[in-house]
Amino acid sequence: MVLRFIEDIGDKTISALSSLNEALKFTSLCLFHMIQPGSYNPAMQMVLTKQIYFTTVQIIPLFTTMAVLFGSVIIGVVIVLATEYSLQDEIGSIIITFVIDEFSPFFTALLISLRSGTAVNTEIAVMNVNKELNTLKQYKIDLIDYLFLPRIISGMISAVSLSILFAVIMLSSGYVFTLFYMNMDFHTYKYLLISAIEVQDLVVLLVKSMAFGFVTMLIPIYSGLKTTNAYTAIPISVLNGMVKLFIALFFIEVLSLLLQSL
(Lines give C-alpha, C1' and ligand atoms only; values in the text may rest on other atoms or scores of the structure.)
Protein backbone atom coordinates (compact mmCIF):
# COMPACT_ATOMS: atom_id res chain seq x y z
CA MET A 1 0.00 0.00 0.00
CA VAL A 2 2.74 2.46 0.91
CA LEU A 3 4.67 1.60 -2.26
CA ARG A 4 1.55 2.06 -4.37
CA PHE A 5 0.86 5.41 -2.71
CA ILE A 6 4.41 6.60 -3.44
CA GLU A 7 4.10 5.44 -7.05
CA ASP A 8 0.84 7.37 -7.47
CA ILE A 9 2.43 10.54 -6.09
CA GLY A 10 5.40 10.07 -8.41
CA ASP A 11 3.18 9.53 -11.45
CA LYS A 12 1.09 12.60 -10.67
CA THR A 13 4.22 14.70 -10.08
CA ILE A 14 5.77 13.59 -13.37
CA SER A 15 2.50 14.24 -15.20
CA ALA A 16 2.17 17.72 -13.66
CA LEU A 17 5.77 18.63 -14.51
CA SER A 18 5.31 17.33 -18.05
CA SER A 19 2.15 19.41 -18.49
CA LEU A 20 3.90 22.48 -17.08
CA ASN A 21 6.85 21.99 -19.41
CA GLU A 22 4.53 21.67 -22.40
CA ALA A 23 2.63 24.81 -21.40
CA LEU A 24 5.87 26.77 -21.01
CA LYS A 25 7.01 25.62 -24.45
CA PHE A 26 3.73 26.82 -25.97
CA THR A 27 4.05 30.15 -24.15
CA SER A 28 7.64 30.59 -25.36
CA LEU A 29 6.60 29.77 -28.91
CA CYS A 30 3.84 32.38 -28.84
CA LEU A 31 6.22 34.99 -27.41
CA PHE A 32 8.78 34.16 -30.11
CA HIS A 33 6.18 34.65 -32.85
CA MET A 34 5.07 37.89 -31.22
CA ILE A 35 8.47 39.52 -31.77
CA GLN A 36 8.84 38.23 -35.33
CA PRO A 37 7.94 40.89 -37.96
CA GLY A 38 6.95 38.16 -40.41
CA SER A 39 4.09 37.11 -38.13
CA TYR A 40 2.24 40.35 -38.82
CA ASN A 41 1.07 39.54 -42.33
CA PRO A 42 -2.12 41.03 -43.87
CA ALA A 43 -4.27 38.03 -42.87
CA MET A 44 -3.07 38.26 -39.28
CA GLN A 45 -3.69 42.01 -39.19
CA MET A 46 -7.23 41.52 -40.46
CA VAL A 47 -7.97 38.94 -37.75
CA LEU A 48 -6.32 41.16 -35.13
CA THR A 49 -8.52 44.11 -36.08
CA LYS A 50 -11.67 41.99 -35.74
CA GLN A 51 -10.52 40.57 -32.41
CA ILE A 52 -9.84 44.05 -31.01
CA TYR A 53 -13.33 45.09 -32.06
CA PHE A 54 -14.93 42.02 -30.46
CA THR A 55 -12.87 42.18 -27.27
CA THR A 56 -12.68 45.93 -26.70
CA VAL A 57 -15.19 48.00 -28.64
CA GLN A 58 -18.28 45.84 -28.16
CA ILE A 59 -17.85 45.75 -24.40
CA ILE A 60 -17.49 49.52 -23.90
CA PRO A 61 -21.19 50.30 -23.08
CA LEU A 62 -21.39 47.63 -20.37
CA PHE A 63 -17.88 48.44 -19.20
CA THR A 64 -18.65 52.15 -18.86
CA THR A 65 -21.80 51.50 -16.87
CA MET A 66 -20.01 49.21 -14.44
CA ALA A 67 -17.12 51.65 -14.09
CA VAL A 68 -19.51 54.46 -13.12
CA LEU A 69 -21.34 52.30 -10.59
CA PHE A 70 -18.20 50.84 -9.06
CA GLY A 71 -16.44 54.21 -9.12
CA SER A 72 -19.02 56.09 -7.09
CA VAL A 73 -19.65 53.25 -4.62
CA ILE A 74 -16.12 51.97 -4.02
CA ILE A 75 -14.42 55.34 -3.88
CA GLY A 76 -17.20 56.42 -1.54
CA VAL A 77 -16.41 53.50 0.77
CA VAL A 78 -12.69 54.34 0.62
CA ILE A 79 -13.37 57.98 1.51
CA VAL A 80 -15.70 57.05 4.38
CA LEU A 81 -13.16 54.64 5.86
CA ALA A 82 -10.32 57.12 5.42
CA THR A 83 -12.38 59.77 7.20
CA GLU A 84 -13.29 57.44 10.07
CA TYR A 85 -9.62 56.59 10.63
CA SER A 86 -8.50 60.25 10.32
CA LEU A 87 -6.64 59.68 7.05
CA GLN A 88 -8.06 62.65 5.16
CA ASP A 89 -4.58 63.79 4.15
CA GLU A 90 -3.94 60.40 2.53
CA ILE A 91 -7.21 60.13 0.61
CA GLY A 92 -5.58 61.03 -2.72
CA SER A 93 -2.82 58.44 -2.50
CA ILE A 94 -5.23 55.79 -1.18
CA ILE A 95 -7.63 56.34 -4.08
CA ILE A 96 -4.85 56.34 -6.69
CA THR A 97 -3.21 53.20 -5.30
CA PHE A 98 -6.48 51.32 -5.00
CA VAL A 99 -7.96 52.34 -8.36
CA ILE A 100 -4.93 52.47 -10.67
CA ASP A 101 -2.59 49.91 -9.13
CA GLU A 102 -5.09 47.27 -8.06
CA PHE A 103 -8.78 47.45 -8.85
CA SER A 104 -8.85 48.70 -12.47
CA PRO A 105 -6.48 46.13 -14.04
CA PHE A 106 -7.79 43.22 -11.95
CA PHE A 107 -11.47 43.92 -12.52
CA THR A 108 -10.85 44.49 -16.23
CA ALA A 109 -9.04 41.16 -16.47
CA LEU A 110 -11.93 39.38 -14.74
CA LEU A 111 -14.47 40.91 -17.11
CA ILE A 112 -12.42 40.07 -20.22
CA SER A 113 -11.89 36.54 -18.90
CA LEU A 114 -15.59 35.93 -18.35
CA ARG A 115 -16.65 37.45 -21.65
CA SER A 116 -13.85 36.81 -24.14
CA GLY A 117 -11.74 34.14 -22.44
CA THR A 118 -14.61 31.65 -22.34
CA ALA A 119 -15.52 32.47 -25.95
CA VAL A 120 -11.96 31.90 -27.18
CA ASN A 121 -11.66 28.65 -25.22
CA THR A 122 -14.90 27.37 -26.71
CA GLU A 123 -13.95 28.52 -30.21
CA ILE A 124 -10.58 26.75 -30.22
CA ALA A 125 -12.05 23.65 -28.60
CA VAL A 126 -14.79 23.40 -31.25
CA MET A 127 -12.27 23.89 -34.04
CA ASN A 128 -10.09 21.20 -32.49
CA VAL A 129 -12.95 18.71 -32.18
CA ASN A 130 -14.14 19.44 -35.74
CA LYS A 131 -10.60 18.89 -37.09
CA GLU A 132 -10.57 22.45 -38.45
CA LEU A 133 -7.14 23.04 -36.97
CA ASN A 134 -5.77 20.02 -38.84
CA THR A 135 -7.31 21.36 -42.06
CA LEU A 136 -5.56 24.70 -41.58
CA LYS A 137 -2.29 22.88 -41.00
CA GLN A 138 -2.74 20.92 -44.24
CA TYR A 139 -3.09 24.22 -46.11
CA LYS A 140 0.24 25.34 -44.58
CA ILE A 141 -1.43 28.01 -42.45
CA ASP A 142 0.49 28.87 -39.30
CA LEU A 143 -1.97 28.45 -36.44
CA ILE A 144 -0.01 30.71 -34.12
CA ASP A 145 0.18 33.61 -36.57
CA TYR A 146 -3.36 33.27 -37.91
CA LEU A 147 -5.37 32.11 -34.88
CA PHE A 148 -3.48 32.46 -31.63
CA LEU A 149 -1.37 35.60 -31.94
CA PRO A 150 -4.22 37.96 -32.96
CA ARG A 151 -6.25 36.84 -29.97
CA ILE A 152 -3.34 37.16 -27.54
CA ILE A 153 -2.38 40.62 -28.77
CA SER A 154 -6.01 41.77 -28.80
CA GLY A 155 -6.28 40.57 -25.20
CA MET A 156 -3.25 42.64 -24.20
CA ILE A 157 -4.46 45.74 -26.06
CA SER A 158 -7.94 45.35 -24.62
CA ALA A 159 -6.71 44.87 -21.05
CA VAL A 160 -4.49 47.96 -21.19
CA SER A 161 -6.98 50.26 -22.93
CA LEU A 162 -9.98 49.15 -20.87
CA SER A 163 -8.01 49.37 -17.61
CA ILE A 164 -7.09 52.97 -18.40
CA LEU A 165 -10.69 53.74 -19.37
CA PHE A 166 -11.97 52.07 -16.21
CA ALA A 167 -9.57 54.04 -14.02
CA VAL A 168 -10.49 57.37 -15.66
CA ILE A 169 -14.24 56.75 -15.40
CA MET A 170 -13.95 55.41 -11.87
CA LEU A 171 -11.94 58.40 -10.67
CA SER A 172 -14.30 60.82 -12.43
CA SER A 173 -17.46 59.25 -11.03
CA GLY A 174 -15.84 59.18 -7.60
CA TYR A 175 -15.99 62.97 -7.59
CA VAL A 176 -19.78 62.77 -7.28
CA PHE A 177 -19.43 61.14 -3.87
CA THR A 178 -16.77 63.58 -2.67
CA LEU A 179 -19.00 66.45 -3.76
CA PHE A 180 -21.98 65.38 -1.66
CA TYR A 181 -20.17 63.70 1.24
CA MET A 182 -17.26 66.09 1.74
CA ASN A 183 -18.55 69.11 -0.17
CA MET A 184 -15.30 69.07 -2.15
CA ASP A 185 -15.15 71.18 -5.31
CA PHE A 186 -13.82 69.72 -8.56
CA HIS A 187 -10.52 71.63 -8.58
CA THR A 188 -9.67 70.42 -5.08
CA TYR A 189 -10.53 66.84 -6.05
CA LYS A 190 -8.47 67.09 -9.23
CA TYR A 191 -5.47 68.51 -7.37
CA LEU A 192 -5.83 65.77 -4.75
CA LEU A 193 -5.46 63.09 -7.41
CA ILE A 194 -2.78 64.77 -9.52
CA SER A 195 -0.57 65.42 -6.49
CA ALA A 196 -0.91 61.78 -5.41
CA ILE A 197 -0.29 60.00 -8.71
CA GLU A 198 3.25 58.91 -9.56
CA VAL A 199 4.98 57.41 -12.58
CA GLN A 200 5.22 54.13 -10.69
CA ASP A 201 1.42 53.91 -10.57
CA LEU A 202 1.18 54.22 -14.35
CA VAL A 203 3.93 51.64 -14.86
CA VAL A 204 2.17 49.19 -12.55
CA LEU A 205 -1.10 49.71 -14.41
CA LEU A 206 0.54 49.16 -17.80
CA VAL A 207 2.66 46.13 -16.90
CA LYS A 208 -0.03 44.39 -14.86
CA SER A 209 -2.67 44.97 -17.55
CA MET A 210 -0.40 43.55 -20.24
CA ALA A 211 0.31 40.47 -18.11
CA PHE A 212 -3.38 40.01 -17.39
CA GLY A 213 -4.28 40.44 -21.05
CA PHE A 214 -1.65 37.91 -22.11
CA VAL A 215 -2.88 35.12 -19.84
CA THR A 216 -6.60 35.84 -20.42
CA MET A 217 -6.12 34.67 -24.01
CA LEU A 218 -3.13 32.31 -23.79
CA ILE A 219 -4.63 29.95 -21.21
CA PRO A 220 -8.04 29.58 -22.93
CA ILE A 221 -6.30 28.92 -26.25
CA TYR A 222 -4.05 26.29 -24.72
CA SER A 223 -6.97 24.70 -22.90
CA GLY A 224 -8.94 24.55 -26.16
CA LEU A 225 -6.04 22.81 -27.88
CA LYS A 226 -6.06 20.12 -25.19
CA THR A 227 -9.70 19.23 -25.77
CA THR A 228 -10.24 15.59 -26.62
CA ASN A 229 -12.07 14.64 -29.82
CA ALA A 230 -15.59 14.73 -28.37
CA TYR A 231 -18.19 17.49 -28.11
CA THR A 232 -18.91 16.48 -24.53
CA ALA A 233 -15.33 17.42 -23.64
CA ILE A 234 -15.81 21.06 -24.68
CA PRO A 235 -17.60 22.24 -21.47
CA ILE A 236 -14.99 20.45 -19.38
CA SER A 237 -12.24 22.15 -21.38
CA VAL A 238 -13.81 25.58 -20.82
CA LEU A 239 -14.26 24.91 -17.09
CA ASN A 240 -10.68 23.73 -16.66
CA GLY A 241 -9.40 26.66 -18.69
CA MET A 242 -11.30 29.19 -16.58
CA VAL A 243 -10.10 27.64 -13.32
CA LYS A 244 -6.48 27.78 -14.49
CA LEU A 245 -7.01 31.32 -15.77
CA PHE A 246 -8.38 32.60 -12.46
CA ILE A 247 -5.49 30.95 -10.62
CA ALA A 248 -3.06 32.71 -12.98
CA LEU A 249 -4.79 36.07 -12.44
CA PHE A 250 -4.58 35.76 -8.66
CA PHE A 251 -0.94 34.65 -8.95
CA ILE A 252 -0.09 37.76 -11.00
CA GLU A 253 -1.95 39.95 -8.51
CA VAL A 254 -0.13 38.47 -5.50
CA LEU A 255 3.22 38.66 -7.31
CA SER A 256 2.54 42.32 -8.12
CA LEU A 257 1.75 43.09 -4.47
CA LEU A 258 4.95 41.37 -3.34
CA LEU A 259 7.08 43.27 -5.85
CA GLN A 260 5.50 46.61 -4.90
CA SER A 261 6.18 45.93 -1.22
CA LEU A 262 9.92 45.48 -1.79
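Everything that follows concerns the structure shown earlier in this document.
The structure reproduced in this document is the subject of the present report. (Residues numbered from 1 in each chain as written. Predicted model: local features only at pLDDT ≥ 70, side-chain atom pairs only at ≥ 80, totals over all residues. Heavy atoms only, no water.)

### Digging into a nonpolar patch on the surface
Link 1 in the chain: A surface patch of nonpolar side chains, amounting to about 490 Å² of accessible area, comprises V73, V77, L81, Y85 and L87.
Link 2 in the chain: Using a relative accessible area of 44% as the deciding quantity, one classes V77 as partly exposed. (Patch = residues over 30% accessible without salt bridge, like charges linked within 9 Å, V, L, I, M, F, W, Y side chains within 5 Å. Areas by Shrake-Rupley, 256 points an atom, 1.4 Å probe, with all protein chains shown as cover. Salt bridge = Lys/Arg side-chain N within 4 Å of Asp/Glu carboxyl O. Buried < 20%, exposed > 50% of the residue type's maximum accessible area, 1.4 Å probe, protein only.)

### Notes on the packing of aromatic side chains
By convention here, two paired aromatic rings are described through the distance between centres and the angle between planes.
Link 1 in the chain: Here the structure, examined in full by the defined rule, presents 10 aromatic pairs.
Link 2 in the chain: Between F26 and F148 the ring centres are 5.8 Å apart and the planes differ by 65°, which places this aromatic pair in the edge-to-face class. Separated by 122 residues along the polypeptide, F26 in helix α1 (residues 2–34) and F148 in helix α6 (residues 143–181) bring together distant segments of the chain.
Link 3 in the chain: Overall, the relative accessible area of 11% leaves F26 in the buried class.
Link 4 in the chain: Arranged with centres 5.1 Å apart and planes meeting at 35°, the rings of F107 and F166 form a pair that is tilted. Pair noted here: F107 is in helix α4 (residues 91–129) and F166 is in helix α6, with a separation of 59 residues, a long-range link. Residues F107 and F166 agree in their burial class; the two are buried.
Link 5 in the chain: Aromatic rings pair up to connect F63, F98, F103, F107 and F166 into one cluster. (Phe/Tyr/Trp six-rings, centres within 6.5 Å; stacked < 30°, edge-to-face > 60°. Helix = DSSP H or I, 4+ residues; strand = E, 2+ residues; numbered from the N terminus.)

### Overview of the packing of helix α2 (residues 42–57) against α6
The description of two helices packed together rests on the angle between their axes and the distance between the axes.
Link 1 in the chain: Remark: α2 packs on α6, axes separated minimally by 8 Å, with the N-to-C direction vectors making an angle of 40°. Comparing their axes, α6 and α2 come out oblique. For the pair α2 and α6, the crossing hand works out as right-handed. Mapping the contact onto sequence places A43, M44, V47, L48, Q51, I52, T55 and T56 in α2 and D145, Y146, L149, P150, R151, I153, S154, I157, S158, S161 and L162 in α6.
Link 2 in the chain: Of the residues contributing to the contact of α2 with α6, the split by class is 11 nonpolar, 6 polar and 2 charged. (Axes fitted to C-alpha atoms, helices over the stretch in contact; angles between N-to-C directions. Parallel < 35°, antiparallel > 145°, perpendicular 65-115°, else oblique. Left-handed = near helix turned anticlockwise from the far one by under 90°. Contact = heavy atoms within 4.5 Å. Nonpolar A, V, L, I, M, F, W, Y, C, P; charged D, E, K, R; others polar.)

### Considerations on the side chain of S223
Link 1 in the chain: Mapped onto the elements of the fold, S223 is located in helix α8 (residues 199–225).
Link 2 in the chain: Residue classification places S223 among the buried positions, given a relative accessible area of 11%.
Link 3 in the chain: Within polar-contact distance, the side chain of S223 engages the side chain of N121 at 3.5 Å.
Link 4 in the chain: In this structure S223 touches N121, S237, N240 and G241, once residues within four positions along its chain are discounted. (Polar contact = N/O pair within 3.5 Å; in protein donor to acceptor, adjacent residues only side chain to side chain.)

### Some details on the side chain of S113
Link 1 in the chain: Along the chain, S113 falls in helix α4.
Link 2 in the chain: Taking the relative accessible area as the measure of exposure, S113 reaches 0% and is therefore buried.
Link 3 in the chain: Setting aside its immediate chain neighbours within four residues, S113 contacts T118, T216, M242, L245, F246 and L249.

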